[in-house]
Structures are given as C-alpha cells and as structure tokens.
Amino acid sequence: MLPATPNGASPEDHTWYPATRVQQGMWVLDRDALLRPTQLVPTAVEFTGPVDHEVLVSSVRQAFARHPSLRARFRLDIKRRRVEYRTDGPPAEPGLRDAAAEGWSEDDVDRRVRTLSAAPFDLGQDAPARAEIIRLGPERTLLVLNVHHIVFDGVSRGLLLDEIRSLYRAGVDGAEPEPSDPPHPASVVAQRTPEEIAEQVADVVGRLRGAPPEVRLPFTRARHDGEEALLGATLATALDEETTEKVMAVAAQEGCTPFMVGVALLTGTLARTGPQRDFLIAFAWPGRDDPATADVIGMFMTTVVLRVTLHAGDTWRNLLSGVRVSGMEAFVDSDVPLDAVSAALNPDRNALWPPLSPVLVNLDEAPRSLELAPGVTGRLRPLDPMFIKYDLAMFVRLEATAGRRRLALSLDYPGNVFGRTDVSRFLDDLRHSAADLATFPENPVLEESATPAAAPADLDDPAGRLALVRSVWSEILGTDEFADDVSFFESGGDSLLLVLLVERLGQASGREVRTMDLFRSPTVGGQAELIAGAPAAEPTGGNR
C-alpha cells in the first residue's frame, strides 16, 4: 500500500507519501462540514499538584516535533487520484494561558476547552496536532490536546501522553532526554497486492451477505436539524462485583473477552427488545499486529464488522460462543478495506458514513489517570460537546479496584435524535441481560418468563397477590422454603438475584417495580402490598 521508506524520516524529507485507504477516507470525511468534527481526537487532562508550566510546554513541543505524523500536511494529487502527505512541515507551537491571572471563571474554562476541542484543521496547511496548557490555579493545570484522526488513533494517544510525561520528568530533573528516533509511519505499513485484497474482500462479503445493514434500535427517533444530530450524549452503568465475577466466569468458560461479552449483551438485548435477530456490529481494530507499529504515533486503526445471528432457543452460552467465532473471523480479516466490503453489500449506502453498520462496540482502554511527576496526578476531563457518528456506540470496560472487578458499560448516542429516557431504559435492559447471563447461562436468551402472568383481578385479592409474589420468589430462589415475613436476603437472595426479582415481578404483575422499592419492602408480604399500590408499567415492546 505504501512504499518502504527509511526509518525515522527527518524533517528535511520532502517526499510525498501516499495515504492509506483509511486515511484517504478520513480526508474525504473531513471535507464535509457536518462530519468534520467527528474526525478530531481531543483530550483534556486536569493535573492536580505543582506543575512547572514552562517545562510542560517544552515537553509537548518536543513530542510534537519528534513524530513525523504530527508534522504531516496532506493534499489531493488529481493526476494520480490519490491523497498523499509529507512530514517536513513544522509542528504546532503549544500555547500557554494563565486562567487564574486572567480571572477566568469555570464557565470561561469550559468554553475554552470546547473551542480547542472542536476547532477544525486545514490539513493542507496546519500541523494536525495542537495543544494548550492552561494554569487554573497553584495546584490545578489543564492540558488540552487536539489531534486529527487522520494521523492519530487510540494507541497513539496513550503513546503521546506517556512521552510527554517522560519528557516532563526529565525536564524537571534537569536531565537531557535521549529518546530514540521514531519510525516513519509509512515504513511500517504492510503492502498487499490488489489480488490479495480482492480475495479477502470476497471472503468477508460471503460471510456477511444477507444480514441487514441497519440495526433497529428500540428508541423513538426525533426530528433533528443538521449538525445538531452529531452532538453526542452518554449514559453509563456498572455491574456490581458479584454479577461481574459470575458474568466473566461464564465468559471464560466460552473463551470470551470482555469485548465479546459486550457484543453478546448488546445483541441479546436488542433481540429481546425488538424483532431483529441478525446484526452487523462495527468495532475498531487497533491495526498494530506488526510489532514494528507498537510505538509509532500514527493512524493504524481500522473499522471491522462482525455478524451475530440469534436463533430461537439459543442460550446465553450459545450466544457467547457465536460471538466468539464471529469475532475471531473478523479479527483474522481486520485489515480488509471496509469501504470495498460495504460497496459490495450495500451499494445504495451513504458514500460518506456510516459505511455499513450504525452501531459500534469498543473496548474502553483509555487511561483514567496519568502521574505526570511525583505529587502531580492527572485525570481525564469529560468533553462537552462530544461528537458522534454512530446511532449507538457502546464502550465496555473491566475496572479493577482493590482486587475486585466491575464490568462498566457506557452508551454514546446522538442526544438530539434519541431521548434520554429511551436510552436509560435500554441501559436497564442491558443490566437485566447481564443478570440473566450470570445466573441462568443455560436459559434461552429469548425465553419468555416462566412466571405465570396474573390476571388483573388477582391483584385486587390479597391472597392472589401473595401467591404471585411467592411464585416469583420460588422461581428466583429455586426453593419454596421461605416465610412471608422474612426478608429476601435472609431467605437466600443477594443483590444479583434482586435484579432478577425486580424484572420478574414487573413481568408477572404488569406493574412498575423498582429496585429501591424492594429494598424498602424486602418480604413477600411487603412486596405483595407494594404491587397493590404500584402504577401500571409502560409497555416496552420487548419479549424479555
């Protein structure tokens, strides 16, 4: 794809290198005013502790100057019909502002961060990486980075932050850093013949053909205007430690990673809340299989699509196993150009975005903290606004604290297109799916509740309500050995089973049941009375 070039091309290298297919696609997206903000990779890190701001500015300057990608300039060569770049341009000069001395308010700081994070690049004239250091106070400093995606991916962000930290520590110690010359990104891109690419594309198309290119989400789609459709919102949740351990134990038995667990939970929940059973799910592949790319700042990531099909009677174990197989097939073909696959499967698609699936699942590996120096700790600052190019993007993170793990799930969605209530309800559905996977992995994903639905008249009868609650407890606890005046937890229940109890009681009674209500009314008798006064539940359209 790219010619071999010397390692670590110098700033005097005037060669124009052909962009990769992924870079060329990003260059095209950047020409569209609506999609341009989605091609930026902003990062804001707030440091707590005494920071030497001049040394930090110098560290960022050195990091920008060292890496060819961060000095790149792009152009379109019409004669050759290709996008190409050179890396002999000057790097951007980091800025330094003293918000404390200038009397900025927190709103002023937020506005400045928004401006820096959303400012577009002229890829022909500008260095594709910018930075500003903002002194907020004696013990607070903000580092705002904005890099164009065409030269930067998730791995690159970690590399850049680590390098800035190393240069800063050397600077405050008065040492002269001696980093090695980084390889030029063009020197580590594999070359393949058109025939090899065509054969691989044909294999992927054969595996994905027949799956619908759209994913039907259980959200009401609102009318929206232009650019506002790309403004993203986020909702997140985390499973408790007990549920997490049970989920990951089942996943380990099936050879599944946390990412695969996320895909299984998402597709299983979509199938439970809608009619679709065959899904194409996009995910980002780092594209760094070659060890030579491990420490190179550049754009090596590719978008890959896997197919998940759910059949009647499939259990959670079946679903996990199917996701694992599909995932491994997708990993093998991760270097296949998605635009070629998309053109073959969906010729009527939007030529810009999305290329195939509007739903993305990614493993969230972004660093949550950065120790700049002893006594100086940094944390990622949430970005507002956030721009999103998918209808739904789910991020999966396995967090470890004090030896215990929690599976965290977050949903990014266009806030002007989908309502927060709908997405919040779907997040609850994901939690219910996780509880089912943890507790009943051998049960069919689409199995109707075994609890008999009570007739409305039964809810007016105290004896009928007691019988209904007893039947649900018996199902969840697997025993009839409990008393009506003994709490659910004293009868053998736990927080994981309580999640299922909330779900089953709501299904069986048709009434709105909340977790906090069951904590306050933990006995059979108390929950029978709770159901009597609960409002009717809103229909969700699912078959859970």
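Let me begin by describing the structure that accompanies this report. (Residues numbered from 1 in each chain as written. Predicted model: local features only at pLDDT ≥ 70, side-chain atom pairs only at ≥ 80, totals over all residues. Heavy atoms only, no water.)

## As for the sheet that holds strand S4 (residues 82-86)
Judged by pairing direction, the sheet is antiparallel, and its three strands sit side by side in the order S1-S4-S3 without closing on themselves. The sheet is open, and its two borders are formed by strand S1 (17-18) and strand S3 (73-77), each paired with just one other strand. The pairing of S1 with S4 spans two bridges and is antiparallel. Pairing of Pro18 across the sheet is with Glu84, part of S4. Helix H1 (residues 21-30) rests against S3 and S4 of the sheet, and its axis sits at about 100 degrees to S4. (Pairing = 2+ DSSP bridges. Helix = DSSP H or I, 4+ residues; strand = E, 2+ residues; numbered from the N terminus. Contact = heavy atoms within 4.5 Å. Axes fitted to C-alpha atoms, helices over the stretch in contact; angles between N-to-C directions.)

## Focus: the side chain of Asp314
If you trace the backbone, Asp314 turns up in the loop between strand S10 (302-309) and helix H9 (316-332). For the buried Asp314, no salt bridge exists, and the shortest N-O distance to an oppositely charged side chain is 9.2 Å, to Arg277. Beyond its immediate chain neighbours, meaning those up to four positions away, Asp314 contacts Thr309, Asn443, Pro444 and Val445. (Buried < 20%, exposed > 50% of the residue type's maximum accessible area, 1.4 Å probe, protein only. Lys, Arg positive; Asp, Glu negative; His and termini not counted. Salt bridge = Lys/Arg side-chain N within 4 Å of Asp/Glu carboxyl O.)

## Some points on the side chain of Asp30
Tracing the backbone shows Asp30 in helix H1. Given the relative accessible area of 3%, Asp30 is considered buried. Excluding residues that lie within four positions of it along the chain, Asp30 makes contacts with Arg36, Gln39, Phe121, Leu123 and His148.

## Quick notes on the environment of Glu54
Along the chain, Glu54 falls in helix H2 (residues 53-66). Sequence separation of Glu54 and Ile133 is 79 residues, and the distance between their C-alpha atoms is 9.4 Å.

## Concerning the packing of helix H6 (residues 194-208) against helix H10 (residues 338-345)
To describe two helices that pack against each other, one gives the angle between their axes and the distance between the axes. Running from amino to carboxyl end, H6 crosses H10 at an angle of 50 degrees, the nearest separation of the two axes being 10 Å. In this view, H6 runs oblique relative to H10, as classed from their interaxial angle. As for the relative orientation of H6 and H10, their crossing is right-handed in sense. Taken together, the residues of H10 that come into contact with H6 (itself represented by Val201, Val204, Val205 and Leu208) are Ala340, Val341, Ala344 and Leu345. (Parallel < 35°, antiparallel > 145°, perpendicular 65-115°, else oblique. Left-handed = near helix turned anticlockwise from the far one by under 90°.)

## Considering the pattern of salt bridges
Enumeration according to the criterion identifies 35 salt bridges in this entry. One salt bridge in this structure joins Arg470 and Asp484, with 2.4 Å as the shortest N-O distance. Within this pair, whereas Arg470 is found in helix H13 (residues 462-477), its partner Asp484 is found in the loop between H13 and helix H14 (495-509), the two being separated by 14 residues in sequence. Residue Arg470 is classed as partly exposed on the basis of its relative accessible area of 35%. For Asp484, a relative accessible area of 26% gives the class partly exposed. Between Asp517 and Arg514 there is a salt bridge; the shortest N-O distance is 3.1 Å. For Asp517, a relative accessible area of 14% translates into the label buried. Residue Arg514 is classed as partly exposed on the basis of its relative accessible area, which comes to 46%.

## With respect to the nonpolar core
One finds Val247, Leu265, Leu266, Leu392 and Leu501 to be the most contacted residues of the largest nonpolar core, which totals 77 residues. Core analysis: the next-biggest nonpolar cluster, separate from the first, contains 47 residues, Val41, Val51, Phe74 and Val147 among them. (Core = buried A, V, L, I, M, F, W, Y, C linked by side-chain atoms within 4.5 Å.)

## Side note on H10
Every buried residue of H10 is listed here: Leu338, Val341 and Ser342. Buried positions in H10, seen along its axis, are confined to an arc of 95 degrees and lie on one side of it. Against H6 and S10 lie the buried residues of H10. (Arc of directions from axis to C-beta.)

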